[in-house]
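Chain by chain, the residues run as shown.
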Amino acid sequence: MNGLLGLYNNDPLTAIPSAEVRNEIINEVIDLVNQEFPPATLQAPTDQDRQKISERVLSLIGMALRRRNSRPGMPYETSLAEELTRRLIGLGFLDLLLPPTRNDLSEICVYSSGLVQVMRKGSVRWETIELRPDPGEIWRVLDRLLGPQNKTLNEANPTINAKLPATPHNPGGGRIKALHPVIAPPGRNPSINLRLYEQKPVRPEWILEKGVMSAEMMATVEAAMQAGCRILITGGTRTGKTTLLSAICNFLPQGWRIVKIEDPEEIWIDRQTVQTVEARPQAVGTEVRPYTLADGVDDAMRMSPDYLIIGEVRDGRAAMSLFRALMTGHSGACTFHADSPREAARRLATVMGADSGVRPHEANQMIADSVDLLIQIGIRNEVRRVLSISNISRELKSGEVWFEPIFRFSDRGTGMGLCWEKVGELHSRNEFD
């Protein structure tokens, strides 16, 4: 009798199984489900399949508990069934954080220590949550995500970029960055970061509701997009550059052929006349060459676009290809990581010099010749704000790119502390040309 009781907690009313018995039941149920349902059904279940599998898992758990004279109650059985169903046909612990369970998150990170943090939409700070998946589950979830993409994380390939597939509940999908424990101490499990994309196209109204910019500023940007101005959006990490670019693309004239080049695809434009070109890294262990952003821009120029969109310029080769396209009469927009307009010009000149051998003065002239408008976005008091909108002068001053502000943000400490000053006018496209 004592031997039997040792397998359970001592509360006779609940008889909660011990960890040993719980794991035994889990393995038993997983084996039975894998035998009863075809692998194709488990890997890509329909809503009807999910319902059938979920009901079967609950039934098998109940039978397994009864055989062990354990009756912990329906709440326990239901909770265990939901966990096992997530393991069998879902994404394990991630199903607790992804739509439709949660629709309020923009990022999820799993530390190599097992800690899980999330970032809510509209926030710029991480929150720790009470969720500690074991290493085995983290590996299983990652393998389930990477397998269909023919990718694997191992010591020979310790860093990987992948996609979070779009689903009916999460149509925006997302991107995945994973590091193998061998390069991510303490190495309990892989380090994973998931960036979730918007589940629906970003509308300009949302930008206004969040106070990112004023209505007058938005009207100015609308006029610039309608005129086909060449726009550069700059900002630091997580300032909302891509979100802002997605929103203002709604202002492009209907019927325009839009070609967007991304790595990976993030921008969601609700138009039928959008063609996406996506960069691709070189496959490890093969001679298949990578397809870069620069390749995408070069190809896009031969696709007769009305407007080019680059998700983010990350290197000098992509910048050179883009600026060449914009200098030859193409209209377009892109984002770039920089905390101020002047830093953007300096960093662009630096990467163009390092990657393409362009001298600083030549790089600056290329920027001036190929960009009409710069929108700087940043974070003030932990809220995303457009900090300035500036025309870019065609003429350099003392060899430097010259910015002519139209709007700039200031905090005067009155009311809500928000104030955008209008200090100039948008140049017409004729003036730009």
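**Quick word on the overall build of the protein**
Then, number 1: On a plain count of helices and strands, the protein comes out with 14 helices and 15 strands.
Then, number 2: Counting only contacts in the protein whose residues sit at least 6 apart along the sequence, the fraction spanning at least 24 positions is 57%.
Then, number 3: Summed over all atoms, the accessible surface of the protein reaches about 21,100 Å², with 50% contributed by carbon and sulfur.
Then, number 4: Charge centroids of the protein, computed over 51 positive and 54 negative side chains, lie 1 Å from each other.

**Examining the sheet that holds strand E15 (residues 419-422)**
Then, number 1: Here we have 9 strands laid out as an open sheet, ordered E9-E8-E10-E11-E7-E12-E13-E14-E15, and mixed in their pairing. With partners counted over all chains shown, the strands left at the sheet margins are strand E9 (274-278) and E15, one partner each. Strand after strand, the sheet turns through a mean of 20 degrees between neighbouring axes, direction not considered.
Then, number 2: Sheet topology note: the strand E13 (residues 383-392)/strand E14 (residues 403-410) ladder contains 5 bridges and is antiparallel. Bridged to isoleucine 392 within E14 is phenylalanine 403.
Then, number 3: Packed on one face of the sheet, helix H12 (residues 341-356) meets strand E7 (231-235), strand E11 (332-337), strand E12 (373-380), E13 and E14 and runs near 90 degrees to E11.

**Some remarks on the pairing of E14**
Then, number 1: Bridge analysis of E14 against E15 gives 4 bridges, and the strand direction is antiparallel. The residue bridging phenylalanine 409 from the neighbouring strand is tryptophan 420, located in E15.

**Considerations on the pairing of strand E1 (residues 105-110)**
Then, number 1: Burial analysis of E1 places 6 of its 6 residues in the buried class, which makes it a mostly covered element.
Then, number 2: Looking at chain direction, E1 and strand E2 (residues 116-120) are connected through 5 bridges and run antiparallel. By the bridge assignment for E2, isoleucine 108 is matched with valine 118.
Then, number 3: Linking E1 to E2, which pair antiparallel, is a turn of 5 residues; within it glycine 114 sits at a positive phi near 100 degrees.
Then, number 4: Here E1 runs beside strand E6 (residues 191-196); their pairing, made up of 4 bridges, is antiparallel.

**Examining the nonpolar core**
Then, number 1: Ranked by internal contacts, the top residues of the largest apolar core, which has 38 residues, are Ile261, Val313, Phe323 and Met352.
Then, number 2: Counting only elements with at least two residues in this core, the list comes to strand E8 (258-262), helix H10 (293-300), strand E10 (307-310), helix H11 (316-327), E11, H12 and helix H13 (360-370).
Then, number 3: Here the element with the most residues in this core is H11; it accounts for 7 residues.
Then, number 4: Filtering out sequence-adjacent residues up to four positions away, phenylalanine 323 remains in contact with Leu348, Met352, Met366, Ile367, Ser370 and Val371.
Then, number 5: Counting residues in hydrophobic clusters, the runner-up holds 36 residues, among them Val202, Ile248, Ile375 and Phe409.

**A word on the packing of H11 against H12**
Two quantities define a packed helix pair, namely the angle between the helix axes and the distance between the axes.
Then, number 1: For the pair H11 and H12, the least separation of the axes is 7 Å and the interaxial angle reads 105 degrees. If you check the angle between H11 and H12, you find them roughly perpendicular. From H11, Gly316, Arg317, Ala319, Met320 and Phe323 reach across to H12, where they touch Leu348, Val351, Met352, Asp355 and Ser356.
Then, number 2: Split by residue class, the contact of H11 with H12 holds 6 nonpolar, 2 polar and 2 charged.

**As for the pattern of salt bridges**
Then, number 1: Tallied over the full model, the rule gives 27 salt bridges.
Then, number 2: Taking the shortest distance from any N to any O, the salt bridge between arginine 203 and aspartate 270 comes out at 3.1 Å. Of this pair, arginine 203 sits in the loop between E6 and helix H7 (204-209) while aspartate 270 sits in the loop between E8 and E9, and the two are 67 residues apart along the sequence.
Then, number 3: When its relative accessible area of 36% is taken as the criterion, arginine 203 is described as partly exposed.

**Focus on the state of the cysteines**
Then, number 1: Scanning the entire structure with this criterion turns up 0 disulfides.
Then, number 2: In this structure cysteine 229 is a free cysteine whose sulfur lies 14 Å from that of cysteine 249, the closest cysteine sulfur available.
Then, number 3: Look at cysteine 229 and you get buried, because its relative accessible area is 1%.

Criteria and thresholds
Sequence order sets the numbering: in each chain, residues are counted from 1 along the sequence as written. In keeping with the model being predicted, local features are shown solely for residues with a pLDDT of at least 70 and side-chain atom pairs are shown and tallied solely at 80 or more, while totals for entire chains, interfaces and linings include all residues. Processing note: side-chain calculations cover all non-hydrogen atoms of the structure and skip hydrogens and water entirely. Only DSSP runs of H or I with at least four residues qualify as helices, and only runs of E with at least two residues qualify as strands; both kinds are numbered from the N terminus onward. By definition in these notes, contact holds between two residues if any of their heavy atoms fall within 4.5 Å. Here, Shrake-Rupley sampling with a 1.4 Å probe gives the accessible areas, and only protein chains in the shown set may cover a residue. Only four residue types enter the charge count: Lys and Arg as positive, Asp and Glu as negative, with His and the chain ends excluded. Where a charge lies is defined by one atom per residue type: Lys uses NZ, Arg uses CZ, Asp uses CG and Glu uses CD. Pairs of strands are assigned from DSSP output, requiring at least two bridges between the strands. Where helices are involved, their axes are fitted lines through C-alpha atoms of the stretch in contact, as for all axes, and angles between N-to-C directions lie from 0 to 180°. In this scheme, a residue with accessible area under 20% of its type's maximum is buried, one over 50% is exposed, and one in between is partly exposed, where area comes from a 1.4 Å probe on protein chains only. Take the buried Ala, Val, Leu, Ile, Met, Phe, Trp, Tyr and Cys residues and link them wherever side-chain atoms come within 4.5 Å; each set so joined is a nonpolar core. Angles below 35 degrees are treated as roughly parallel, those above 145 as roughly antiparallel, those between 65 and 115 as roughly perpendicular, and all remaining angles as oblique. Residue type decides the class: Asp, Glu, Lys and Arg count as charged, Ala, Val, Leu, Ile, Met, Phe, Trp, Tyr, Cys and Pro as nonpolar, and the leftover types, Gly among them, as polar. Salt bridges are defined by distance alone: a side-chain nitrogen of Lys or Arg within 4 Å of a carboxyl oxygen of Asp or Glu. Disulfide: a pair of cysteine sulfur atoms within 2.5 Å of each other.

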